[in-house]
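The primary structure of each chain is shown beneath.
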Amino acid sequence: ILAQESSWCLADYLRTVCAPVSLVSPTMSIQMKIPENLYGSTLLVPMTLERKHDGTMPFLMELFRTYMLISVSYAIQFIFLHQIYLITVEPDRVKQKCTDDNVLLQCVCVFTFEAAVFYAVRDAVGFASLLWEAPTSISKDGYGMLPTPQEKARSGGAILDKQEAEPSRGFSRHLKRVFRKRDAAHEPWSLRGMSKIYKVWSFLVLAIPQIIICVLLSYIGGDFISSSEDKEALIMNTVGVLFINQLGDTMYLAFTSITLKEDISLAKGVDVEIRNETRWTLWVMSVFFPVFVFAYTLVVVFFMKMQGCPHYQLPWADRLPPVPRVG
């Protein structure tokens, strides 16, 4: 019996060692964290709010505040993008593209800007992937927008935690719960209990607008920077346009309480398995992305010049051999 078991163990070992790499797929588990920004706050807070523990008025006010902040952020960003686009199509601005006086600084500034925007695009895609991987559950009626109390991963709400000994009813109950020392252990937030409708809603309200803003900013902002009139304007416009991308983070840091920031930073993410195929793909993308950003920078700088200036020639056009004519 011992000899037979030893032969089985040896066979399993040989199959593992001698198998091709494609057949052996070791996995590692990573946790996709919830971003500590306005998008992560807008995703988590409505899920964690509980009218029973937070109170009706704070529940409604916090829900209104959360979606008001993200709406104002979208509105300001689109207003900035629209105004920048109007500036870039002005005739005097278009003439600035036709010269190559500061072409090296133009490429450097546009590349710096596009790299920052590309970082935001990766965050936006990562946020969409987080929503895609987040587990969903079906409420009692099957159409619940927010998770039911039984499906929540923690007790209490987004503003107040649950206490073991509840005070009396009425408004005095709420005041006592606010100023009384907390009894129950504080549990971290998570995405557990998310309904399918809420996931679709988050895709439409958070993930897709975030990607659209980043794509528009990369095109309009790059054109705006490359059409600057001098070196000082190039540098200042690069810094100024980058502020549009950071507007959501600024509003989150300015208008979110310390406790909410702490809860979001300690929130549980989504555990996903990473196989060798995924690791290889991510590595290839990390090598390809800098090349893509550099190529996109050249397109933004020189294609815009060729589009706005009919007689514009590329700086290296005179160094290229002439194209032979056929016939």
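Here the structure is a predicted model, which is why all the values come from computation and not from measurement. (Residues numbered from 1 in each chain as written. Predicted model: local features only at pLDDT ≥ 70, side-chain atom pairs only at ≥ 80, totals over all residues. Heavy atoms only, no water.)

### Notes on the UniProt feature "transmembrane region" (unreviewed entry) in the protein chain
- In this numbering, the UniProt entry assigns the feature "transmembrane region" (unreviewed entry) to residues 67–87, 200–220 and 280–304.
- Across residues 67–87, helical content stands at 100% and strand content at 0%; the span's end C-alpha atoms are separated by 30 Å.
- The span residues 200–220 is 100% helical and 0% strand by assignment, and the distance between its end C-alpha atoms comes to 29 Å. (UniProt positions renumbered as here; feature names shortened; annotations may be inferred. Helix = DSSP H or I, 4+ residues; strand = E, 2+ residues; numbered from the N terminus.)

### Quick word on the layout of surface pockets
- The computed volume of the largest pocket comes to approximately 1,400 Å³.
- Forming the walls of the largest pocket are 45 residues, and the residues nearest its centre are Val121, Arg122, Asp123, Val125 and Gly126.
- Mapped onto the lining of the largest pocket, the elements with two or more residues apiece are strand E1 (27–32), helix H2 (38–48), helix H6 (103–133), helix H8 (196–226), helix H10 (247–255), strand E2 (270–275) and helix H12 (276–308).
- With 15 residues, H6 is the single largest residue contributor to the lining of the largest pocket. (1 Å grid on protein atoms, 1.4 Å probe; cavity = no way out; pocket = protein on both sides within 12 Å on 5 of 7 lines; lining within 4 Å. Points joined across faces, edges and corners; volume = space filled by probe spheres on them.)

### A word on the nonpolar core
- Membership of the largest hydrophobic core comes to 35 residues, with the highest contact counts inside it found for Leu43, Leu44, Phe127, Trp189, Leu191, Met194 and Leu206.
- Elements with a minimum of two residues in this core: H2, helix H4 (56–88), H6, H8, H10, helix H11 (258–265) and E2.
- In terms of residue count, the dominant contributor to this core is H2 (six residues).
- Among the nonpolar cores identified, the runner-up in size contains 21 residues, and Phe113, Ile220, Val241 and Val301 belong to it. (Core = buried A, V, L, I, M, F, W, Y, C linked by side-chain atoms within 4.5 Å. Buried < 20%, exposed > 50% of the residue type's maximum accessible area, 1.4 Å probe, protein only.)

### A closer look at H4
- The first and last C-alpha atoms of H4 sit 48 Å apart over 33 residues, in line with the 48 Å expected at 1.5 Å per residue.
- All of the buried residues along H4 are Phe59, Glu62, Thr66, Leu69, Ile70, Ser73, Tyr74, Gln77, Leu81, Ile84 and Thr88. (Expected span 1.5 Å × (residues − 1).)

### A closer look at the packing of aromatic side chains
- Across all of its chains, the model carries eight aromatic pairs by this definition.
- Summarising the aromatic geometry, the rings of tyrosine 39 and phenylalanine 127 are spaced 6.3 Å apart at their centres and angled 55° between planes, so their arrangement reads as tilted. Here tyrosine 39, found in helix H2, pairs with phenylalanine 127, found in helix H6; they are 88 residues apart in sequence, far enough to count as distant. Accessibility assignment for this pair places tyrosine 39 and phenylalanine 127 in one class, buried. (Phe/Tyr/Trp six-rings, centres within 6.5 Å; stacked < 30°, edge-to-face > 60°.)

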